[in-house]
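# Geometric and topological summary
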Amino acid sequence: MSKALEGVRVLDFTHVQSGPTCTQLLAWFGADVIKVERAGEGDATRGQLRDIPGVDSLYFTMLNHNKRSITLDTKKAKGREVLDSLIKSCDVLVENFAPGALDRMGITWAHVQKLNPRMIVASVKGFGPGKYAECKVYENVAQCAGGAASTTGFEDGPPLVTGAQIGDSGTGLHLALGIVAALYQRERTGRGQKVLAPMQDAVLNLCRVKLRDQQRLERSGVMHEYPQYPDGQFGDAVPRAGNASGGGQPGAILKCKGWEADPNAYIYFITQAAVWPAICRVIGEEGWVDDAAYATPAARLLHLKPIFARIEKWTMTQDKFAAMDILNEHDIPCGPILSMKEIAADASLRESGTIVEVDHPTRGRYLSVGNPIKMSDSPTEVTRSPLLGEHTDEVLQQLGYSSEDLATLRAEKVI
Ligand code: COA
């Protein structure tokens, strides 16, 4: 079966996490992704967080499926020549070097335009234009600068980062969308363009509800859905809201049976207005259905803490999966807190290909995420990440280099 991006060739100059997530998605959609790495060392993540000595780390393998790898010293003149032929034959160049690194390599926008006016040059940077444009950035810096950390955590604690890699993988997703849009526009214009996804901007895009709340707070000085209401204090910036949903349907994380021993015996419970009578019946508080103090969403906002304390008395009588089953029978939105161990064993996620097992020549079998985006006419088959330089000869021969050329480049440590 054909793939959505079949025929698209990507010069993948990415490393670490943000860029590789983007190019992995493109590869999953069928693009031919050629990862360019430094000879000898390659992407730094190959050797980081290793669980098996001498073997590509899970960090690397889980971010670089379905790609080809070539090694190339782009600081040598002959390496630059190879890079130029790649630029001529690819549709997209993706990079996430520190600001200025690509220009220092001589790969300026003008240079790319001269070689291949159809090329799309897509970049992840920590910040967009402005006072921090030159800064190097990693995941948690982006979470902090993009508004996620100041709005995550509990009111009486410090700002918190989240385990979801919204700065890296989140930005990679944004960049992939920009690339696909640019490819589509190129169909009409015949021209490539630059695509930039700064990590701060991508995190802010994911935190837009908090920017919404900043304006609500400035207008009214209070937000009824936040745990600071009704008895706490609001300052002049959006506060940390713990596990409150902060949205139109109040929610909370509640203990379930076994919480004393199991750190994940919890459930997220949403008191959706539409199913309030059902919630009252399930927890045995039928009287609340018509009680003026609880009957309307606005009235309930004044009593959220005692309401959730009462619901928790019920959730503590059930394990999280039993609670989920019972609540779903009544269409009450809720979700068990799943550990990574539970997720790794989840039959549905394996069935859908969101969790896959992959064979690797030096690592053996390992577990990875598959493509979370499902397309009916472009299925994803996850294949293992490449070994360092595994496809150097193959790719260079496709570019027209002979065996003798390859031997010379190898002798001169260009590849
Ligand atoms: N051959 C020769 N040199 C190469 C090369 C190759 N194949 N590939 C990369 N290099 C060189 C570059 O030319 C550059 O050298 P220079 O600084 O002398 O110009 C250097 O390697 C690139 O390094 P840099 O990007 O600065 O890496 P770093 O390890 O110092 O920093 C980051 C890592 C992630 C902090 C930085 O790349 C960054 O801020 N990226 C943008 C934001 C981002 O994506 N962050 C998320 C990472 S998950």
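Since the structure is predicted, the reported quantities are computational estimates derived from the model, not experimental observations.

A word on the packing of helix 1 (residues 18–28) against helix 7 (residues 169–189). The N-to-C vectors of helix 1 and helix 7 enclose an angle of 45°; their axes lie 7 Å apart at closest approach. Regarding the angle of helix 1 to helix 7, the classification is oblique. Handedness of the crossing formed by helix 1 with helix 7: right-handed. Contacts between helix 1 and helix 7 involve Ser18, Thr21, Cys22, Leu25 and Leu26 from the first element and Ser169, Gly172, Leu173, Leu175, Ala176, Ile179 and Val180 from the second.

Another point: the site of the ligand. Lys75, Ala98, Arg104, Lys136 and Val137 are the nearest of the 22 residues found near the ligand. Interatomic distance of 3.1 Å between a backbone N/O atom of Thr74 and a nitrogen atom of the ligand. Burial of the ligand by the protein chains amounts to 84% of its free accessible area of 930 Å². Its residues assigned to classes, the shell around the ligand comprises nine nonpolar, six polar and seven charged.

One open sheet holds the three strands; their spatial order is 7-8-9, and the pairing between them is antiparallel. Edge positions in the sheet fall to strand 7 (251–255) and strand 9 (334–336), since each of these pairs with one other strand and no more. When the angles between neighbouring strand axes are averaged without regard to direction, this sheet yields 20°. Pairing analysis gives five bridges linking strand 7 to strand 8 (residues 266–270), with the strands arranged antiparallel. Among the inter-strand pairings, Ala252 is bridged to a residue of strand 8, identified as Phe269. Each of strand 7 and strand 8 touches helix 12 (residues 304–315); the most contacted strand, strand 7, lies at about 40° to it. Sitting on the sheet, helix 13 (residues 320–329) is in contact with strand 8 and strand 9, with an inclination near 160° to strand 9.

Moving on, we get to the sheet that holds strand 5 (residues 120–125). In any sheet, the strands associate via hydrogen bonds between backbone groups, in a parallel or an antiparallel arrangement. If you trace the six strands from one edge of the open sheet to the other, you get 3-2-1-4-5-6, paired in parallel fashion. The strands lining the two open edges of the sheet, one partner per strand, are strand 3 (67–71) and strand 6 (194–198). For this sheet, the mean inter-axis angle between neighbouring strands, taken without regard to orientation, is 20°. Pairing of strand 2 (residues 32–37) with strand 3, which is carried by five bridges, proceeds in the parallel orientation. Looking across to strand 3, one finds that Val33 is bridged to Lys67. Packed onto the sheet, helix 3 (residues 77–89) meets strand 1 (9–13), strand 2, strand 3 and strand 4 (92–95) and runs at close to 140° relative to strand 1.

What counts as what
- Residues numbered from 1 in each chain as written.
- Predicted model: local features only at pLDDT ≥ 70, side-chain atom pairs only at ≥ 80, totals over all residues.
- Heavy atoms only, no water.
- Axes fitted to C-alpha atoms, helices over the stretch in contact; angles between N-to-C directions.
- Helix = DSSP H or I, 4+ residues; strand = E, 2+ residues; numbered from the N terminus.
- Parallel < 35°, antiparallel > 145°, perpendicular 65-115°, else oblique.
- Left-handed = near helix turned anticlockwise from the far one by under 90°.
- Contact = heavy atoms within 4.5 Å.
- Near = heavy atom within 4 Å.
- Polar contact = N/O pair within 3.5 Å; in protein donor to acceptor, adjacent residues only side chain to side chain.
- Areas by Shrake-Rupley, 256 points an atom, 1.4 Å probe, with all protein chains shown as cover.
- Nonpolar A, V, L, I, M, F, W, Y, C, P; charged D, E, K, R; others polar.
- Pairing = 2+ DSSP bridges.

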